[in-house]
Amino acid sequence: QSGVYAAPLRLLAMEVWDQCNQEGTYCSLITGQETRELPFSEHVACTVEMVDVRRAVEVAVIDEIQMMSDRSRGWAWTR
């Protein structure tokens, strides 16, 4: 019913957003550079830094979770 895909890169989030919408799963896109929110969408493809940690979802896919050990970007995976 609801989900979020958290990507380490904007391009990956855009690929998932595009594929979901092409296949009929309405999905919003949120990155540090752009926001394409569909008001009726229960799915979000975003960069990991832009994940809304206050929003409950049924499924969360966190791509490249090993990046949490990166000292410069790891905070986004562990907050």
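Residues numbered from 1 in each chain as written. Predicted model: local features only at pLDDT ≥ 70, side-chain atom pairs only at ≥ 80, totals over all residues. Heavy atoms only, no water.

> What am I meant to see in the packing of aromatic side chains here?
Both the distance between ring centres and the angle between the ring planes are used here to describe each pair of aromatic rings. Under the criterion given, the structure shown has 1 aromatic pair. An angle of 90 degrees between the planes, with centres 5.0 Å apart, marks the rings of Tyr 26 and Phe 40 as edge-to-face. Of this pair, Tyr 26 sits in the loop between helix 1 (10–22) and strand 2 (27–30) while Phe 40 is found in the loop between strand 3 (35–36) and strand 4 (43–47), placing the two residues 14 residues apart along the sequence. (Phe/Tyr/Trp six-rings, centres within 6.5 Å; stacked < 30°, edge-to-face > 60°. Helix = DSSP H or I, 4+ residues; strand = E, 2+ residues; numbered from the N terminus.)

> Honestly, the confidence of the model for the protein chain in this entry has me stumped. Any pointers?
Fine structural detail should not be taken from predicted coordinates in areas where pLDDT scores are low. When pLDDT is averaged along the protein chain, the result is 89, and 91% of the positions lie at 70 or above. By mean pLDDT, helix 2 (residues 75–78) is the weakest element of the protein chain at 64, and strand 2 is the strongest at 98. (pLDDT = per-residue confidence, 0-100.)

> Sorry, what's going on with the pairing of strand 4 here?
For a regular strand, the rule is simple: side chains alternate between the two faces of the sheet. Burial within strand 4 is extensive, with 4 of its 5 residues counted as buried. Relative to strand 4, strand 1 (residues 3–7) runs parallel, the two sharing 5 bridges. The residue bridging Tyr 5 from the neighbouring strand is Ala 45, located in strand 4. Here strand 2 pairs with strand 4 via 4 bridges, running parallel. In the strand pairing of strand 4, Leu 29 is matched with Ala 45. (Buried < 20%, exposed > 50% of the residue type's maximum accessible area, 1.4 Å probe, protein only. Pairing = 2+ DSSP bridges.)

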